[in-house]
Amino acid sequence: MTNLEKYVKAFSEALEVPESEVSTLVYGESAAWDSVGHMTLIAALEDAFDIMVDMDDIIDLSSFEKGKEILAKYDVEL
Amino acid sequence: MTDLQTLPSLPPYGMAKEEKRAFLTAELTQLCDWHAQRCPEYGRILSAWPTRLEKAASYEQLPFLPVRLFKEFSLKSVADEALHKTMTSSGTTGQQVSKIYLDRETSALQSKVLAKIVGEFLGKQRLPMIILDSSAVIKNPAMFSARGAGILGFSIFAREKVYALNERMELDVEALKAFLDKHQGEDIFLFGFTFMIWQHFCAGLHKAGYQPDLSKGILIHGGGWKKLADQKISTERFKAELRETCGVTRVHNYYGMVEQTGTIYMECEHGHLHAPTWSDVTIRRPEDFSVADKNESGLIQVSSLLPRSYPGHILLTEDEGRILGEDDCPCGRMGKYFEIAGRIQRAEVRGCSDTYEQKA
C-alpha cells in the first residue's frame, strides 16, 4: 500500500466515510469529523505511519489537505 | 487585536504586571468594540455603560456581564452560518443552561491556548492517560455535557487512554491493571472531575482493595469543590486520600468555566491558582462592584481574550475568592495568583462536576 492509500484509509476508517469522499473533508463540517472523530483520526494516522503527532499539529490538522502538510513534517511523503 | 496565529504562541506565564495590564486593556477594549459591532444586545449594553471605551484607563473599567446572562439570552457575535458548535453548561434538572456559541476560530483558539497552558504542567510529550470517569460520558450523546467536552478537550494530551470506570460507574480494575503494566515506568496523565474522583475513583479503590502505583502520575482535576465542600472535604484531605490510595503526589486543580473555555486557571506546586497571559481575575466587592484589594474576598470577575464569537470576554461570576499576589509566587510563574472561597449565598447551583446527580 502506498502512503497515500494508507492516508486515505485512515481517514475513511476513523471517520466512517467512504474512501471516495475523504478528499474534501474539513474538520467540523461533517457530522463524522467532530471532536470525537478527530482523536480517532489522529490515533489512526499515528498507527498507520508509526509517528507521534505533537499537540500543536493535532489542533492544526483541520482538513484532508492540511493533514498532508502536517505529515510531511514527520517525514511521511504522500 | 493580536492576530489568531500570534495570540496562542505567547508564553503562558511570562508577562509582568505592568506589561500585562497594558496588553489586556488594549486587547479587551478592542474586543468590546468588536462585539458591539456584531452583537446588537452587547452593543446596547456598551452604549449604556458609563465609561466610554476610548476613556477606559484599564480593563477594569470595561463592562462586565453576569455569567447568568448567557442562560437568559442567546448572545452571539457571528452569523448563524458560521456557527461551529454550541456549548452548554448542563445545569441540573430544572435549571436553565448557558448557551455558548462557538465559531471555528474561537474554538481553535480555545484548544490552542488550553494546550499551551496544560503543556506547562505535563510537558511537551503526550502521555498515556487515565480518565477517572466513565466511558459512558462520551459514548452517550445525551450525556455529552461539559463533562464530556472537558474529557475530550484534555484528550489531546493523551497518547493512549483508558477509562478508570465502567459504564455503571464502577472501577474497572482489569483495564487499569493492563494499562499500568503496559506503561510501567512512564509518566501518566490522570484527568477527571473533582467530585467524580472522590466519589467513584477513590471510593472504588477502597472497595476493590486495589492499590495501583500511580506515583508517576500527574493528576489534573476541575469542576468545582461545591459537592466536596458540602461533605466538608478539604483540599488537603482530597490530596492526602489520593496519596494514600494510589501514590499520586503531583495534583493540580484548575478553575475554569464553559463560558471561557481554554483560559483555565491552573493550581501550581504551591497550591495557588494562576492567571495565564490571555486572561485575568479581578475581585469585586459585592456591595458596590468596586475593585477589591489584595487579600480581600469578593466576587471573581474573569477576563479572557479568547471569546470572539460571543461577548463573553469579561464576566462576573458567582464565585468568591481573593487575590494572593501577582508575579511573586514561589513557583516562579508570572501573573496574578488567587484562591477560591466558594459560591456566593443564594447563587444557583452550577458547575461541571455538579452535572452528575447521584441517584438515591
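All of the points below concern the structure found in this document. (Residues numbered from 1 in each chain as written. Chains lettered and ligands numbered in written order. Predicted model: local features only at pLDDT ≥ 70, side-chain atom pairs only at ≥ 80, totals over all residues. Heavy atoms only, no water.)

1. Description of the packing of helix 1 (residues 17–38) of chain B against helix 2 (residues 40–48) of chain B
Residue and element names in this part refer to chain B.
In step 1: Where helix 1 meets helix 2, the closest approach of the two axes is 6 Å, and the angle between their N-to-C directions is 125°. Judged by the angle between their axes, helix 1 and helix 2 are oblique. Like other packed secondary-structure pairs, helix 1 and helix 2 cross with a definite hand, here left-handed. Contacts between helix 1 and helix 2 involve C32, H35, A36 and R38 on the former and, on the latter, P40, Y42, G43 and L46.
In step 2: Split by residue class, the contact of helix 1 with helix 2 holds 5 nonpolar, 2 polar and 1 charged. (Axes fitted to C-alpha atoms, helices over the stretch in contact; angles between N-to-C directions. Helix = DSSP H or I, 4+ residues; strand = E, 2+ residues; numbered from the N terminus. Parallel < 35°, antiparallel > 145°, perpendicular 65-115°, else oblique. Left-handed = near helix turned anticlockwise from the far one by under 90°. Contact = heavy atoms within 4.5 Å. Nonpolar A, V, L, I, M, F, W, Y, C, P; charged D, E, K, R; others polar.)

2. Thoughts on the interface of chain B and chain A
In step 1: Across the contact, 18 residues belong to chain B and 15 residues belong to chain A.
In step 2: With both chains or domains summed, chain B and chain A bury close to 1400 Å², and 66% of this area falls on carbon and sulfur atoms.
In step 3: For the chain B face of the interface with chain A, the top three residues by lost area are B:R104, B:R126 and B:I156, together amounting to 39%.
In step 4: Remark: the boundary between chain B and chain A carries 2 salt bridges.
In step 5: Its salt-bridge partner being B:R126, residue A:E46 comes within 2.4 Å of it at the nearest N-O pair.
In step 6: Run the count over chain B and chain A and you get 4 residue pairs in polar contact (both at pLDDT 80 or more).
In step 7: For the side of chain B that touches chain A, the class distribution of residues is 6 nonpolar, 5 polar and 7 charged. (Buried area = accessible area lost by both parts, 1.4 Å probe. Salt bridge = Lys/Arg side-chain N within 4 Å of Asp/Glu carboxyl O. Polar contact = N/O pair within 3.5 Å; in protein donor to acceptor, adjacent residues only side chain to side chain.)

3. Quick word on the packing of aromatic side chains
Residues and elements named next belong to chain B.
In step 1: Enumeration according to the criterion identifies 21 aromatic pairs over all chains in this entry.
In step 2: Where F154 meets Y254, the ring centres are 5.5 Å apart and the plane angle is 35°; that geometry is what we call tilted. Remark: Y254 occurs in strand 8 (residues 250–255) and F154 occurs in helix 6 (residues 146–154); sequence separation between them is 100 residues.
In step 3: Look at F154 and you get buried, because its relative accessible area is 3%.
In step 4: For Y254, a relative accessible area of 9% puts it in the buried group.
In step 5: One aromatic cluster in this structure is built from F154, F157, F189, F191, F193 and Y254.
In step 6: Note that R38 overlies the ring of W34, its terminal NZ or CZ placed 3.5 Å from the centroid.
In step 7: A cation sits over an aromatic face here: R333 above Y13, 5.7 Å from the ring centre. (Phe/Tyr/Trp six-rings, centres within 6.5 Å; stacked < 30°, edge-to-face > 60°. Buried < 20%, exposed > 50% of the residue type's maximum accessible area, 1.4 Å probe, protein only. Lys NZ or Arg CZ within 6 Å of the ring centre and 35° of its normal.)

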